[in-house]
Amino acid sequence: MGSAQAFEFQPFGTNLPPVDLHGFASQGYIYNSGHNNYLGGYSSDGSPDFREYGINASVAYNKWRVGAQFFGQKLGPYGDDQIKLDWGNVDYQATQWFGVRAGRVKTPRGLYNETLDLDSTRTFALLPQSVYDARLRDFNSSFDGGMIYGNIEMKKLGSLDYRAYVGSISLSPLSGASDYFNNDIPYPNTKIGMDATYGGSLFWNTPVQGLKVGYSVQMFNNFNALRTVSPTSSLWRGTSLYLRQTISAEYTRDKWVFAAEAGRDSANYWVQGFGNDFQNYDSYYGYVSATRQITDKFSLGTYFSYSDQMEKCPPYAPFNTDDRQGDLALAGCYNFTSYLLAKLEIHYMNGSGMLFNTPTGATANQPRNTRDNSWAMIVAKVTLSF
Amino acid sequence: MNPTIHSFTMAAAVLLASAAMLQAEPALLGNKGLTGQALDADSIKAVLLGKKATIGDTRVVIVIIKGSESQEAFLEGHIGMSTDQFNTYWRRLYMTGGGSAPKNVDTEDEASKVVASTPGAIAVIDSAKADGLTVLASK
C-alpha cells in the first residue's frame, strides 16, 4: 500500500509553509444472499449504495497545525451524499508528551476508529462490524470539543500513547445511530442527542518491536431519544450513562499484521412513565484478524468477528432479547497504482443479531423470526486516493 | 609479535577503517537549520513516528524516497517498518488530523535537494550525499 501523490500549494507565499491537500473517493457494492437487508440498503438484491469520499487540507508551522476534512457518504439510507465537516481542528504540540487539539476531532477508540474511511491503509473493505459498525459512523467518527494527547517515553519499557477528551456529538434522527439505538421496537425517533461525551485511550508500545496493546473508554452523558409510539403520543427513552470499553492488541511482523479487539457497551435505560432501569442493555463484541502482504501490490486478510447484544426488560421478561451474529471474512486487495486499488471480500454470516428492524425503508419488516440466520455477503470496492 | 607482522596488521587496520569511513551508509540527514541537533535512538523513533512533531522548535518535514534501499534498512532497523508500512502509518495520521504529511520523492538526489531547501526537512539518505546537510543520526 504505497504512497499516494499529494498536492501542495503555497497561498501564503514561498516563505510560509505550504498547504497540503489530500483526498479519496470509493465506490462499493454489497450483496447479501437470502433476504436479509444488511448494511447497504436493499442489499439482498445487491446494492451500490456504498460509497465514501473526502478532501482535506492542512498547514503546519512549528508547533502549530490547522486542518480540516469534508466528507460525504452513502451507506444504504444513511449519509445521503450530504457533505459534512468530518474533522477540523487546531493542534498545538508543546512537547512529545503533551499536545492539545480542539475543534472537531477524530474519536480515539480502539485500533482503527480514527481511520474508518481509509481504505488505502488496510486490506479489508469492511472493518470487523462488531467493533466498527459502519452504520454508526456519524456516532463513532468524531466529536466537537477538546483533547489532550502525548507520548511518554519509557526507554527499555517502550512508550505510552495517551489521549483524553471531552465534547459532544450532534446526532440526527435519520442517522444509523438513531436506528441502532431504536432497535428494540420499530417506532421512529424524532429527536436524539446527549449532554456530553468524554473518554480516552491508553496504548502501550511494548518493547517487542511491532506489538502494541491498549484500552479505550467512552462515555455518553444523558444520552436520550424522543420516540413516537403512536400518531398522538411520544415518550422519552434515555440513559444517564452509556459506557463503552474496548481492549486492543496489534502485532506487526514482517509482512503480517495480527489484531484482536474486544469490547463491552452497557447502559440502564429509563423510559418516560415507566421509571428508571426499565431496560438494561449489555453488549459484548470482538474480533481477531490477520493480514499478509503477498506481493508489493496484493494483500490477503481474514477475520472472525462476533457480537452479542442483550436487552433485558425486568417488568416485561418476554421482551428480553439476545441478538448474536458471527462474521467470518476473507478479503483480497490489489493496488493497481499508488492511488488506485480494488478489494473483494466474502463473508459467511452466522446469526442475524445486528440486522435492523426499522419503521420504514429497506430494513423495515425484518423482525427476528423472519431473518435468515446463515447467509453470505459479498463486498467489492474500488478506491482512488491522493 | 614480529615487528613486520605488527606493522602490516596496523596498516591493514588503518586501511579498513578508511574504507569503512568512505563506504556509504544510511544516515538521517536534516536541513542545515537543524545544525547542532543530534538524535538518540528514542528520539529518532519519536520523530519518524510523528510522536515528536518538532526538532527544537522547528516543525519536522519527513521526506520519503520511493524504493531506496538505504531508507528501507534504516527504517527497518529503527522502527521495524518497511517503507510501504511507513507510508501507510503516516497516511493514517495525516488523513485524520493527526500529523503533517511527509513529502514523497523518487530519488535520493531529489530528497537531498528538498531537505536542503525545506526548513525542518529530514530524510534517510546515503551519508556520502551529506554535503550541505546536517547529520542527525547514522545507521
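Above: the structure in question.
Residues numbered from 1 in each chain as written. Chains lettered and ligands numbered in written order. Predicted model: local features only at pLDDT ≥ 70, side-chain atom pairs only at ≥ 80, totals over all residues. Heavy atoms only, no water.

## Considerations on the packing of aromatic side chains
In this description, a pair of aromatic rings is defined by centroid distance and the angle of the planes. Residues and elements named next belong to chain A. Under the criterion given, the structure shown has 23 aromatic pairs over all chains. When the ring of Tyr180 is compared with that of Phe356, the centres are 6.4 Å apart and the planes differ by 70°; the resulting orientation is edge-to-face. Taken as a pair, Tyr180 in helix H2 (residues 176–180) and Phe356 in the loop between strand E17 (340–350) and strand E18 (374–385) lie far apart in primary sequence, 176 residues in all. Residue classification places Tyr180 among the buried positions, given a relative accessible area of 13%. By relative accessible area, Phe356 is classed as buried at 2%. The structure contains a cluster of three or more aromatic residues connected by ring pairs, namely Phe139, Tyr180, Phe181, Phe220, Phe223, Tyr242, Tyr281 and Phe356. Over the ring of Phe71 we find Arg137, and its NZ or CZ is 3.6 Å from the ring centre. In this structure, Arg237 packs its charged tip against the face of Tyr269, placed 3.9 Å from the ring centre. (Phe/Tyr/Trp six-rings, centres within 6.5 Å; stacked < 30°, edge-to-face > 60°. Helix = DSSP H or I, 4+ residues; strand = E, 2+ residues; numbered from the N terminus. Buried < 20%, exposed > 50% of the residue type's maximum accessible area, 1.4 Å probe, protein only. Lys NZ or Arg CZ within 6 Å of the ring centre and 35° of its normal.)

## Comments concerning the sheet that holds strand E7 (residues 134–138) of chain B
Residues and elements named next belong to chain B. With mixed pairing, five strands are arranged side by side in an open sheet as E5-E4-E6-E1-E7. Two strands in the sheet have a free side with no partner beyond their single neighbour: strand E5 (103–105) and E7. Averaged over all neighbouring strand pairs, the angle between strand axes comes to 30°, with direction disregarded. Two strands pair when backbone bridges link them, and strand E4 (residues 61–65) and E5 are joined in this way by three bridges, in the parallel orientation. Residue pairing for E5: Ile65 is matched across the bridge by Val105. Packing against the sheet, helix H4 (residues 83–94) makes contact with E4 and E5, and its axis sits at approximately 145° to E4. (Pairing = 2+ DSSP bridges. Axes fitted to C-alpha atoms, helices over the stretch in contact; angles between N-to-C directions. Contact = heavy atoms within 4.5 Å.)

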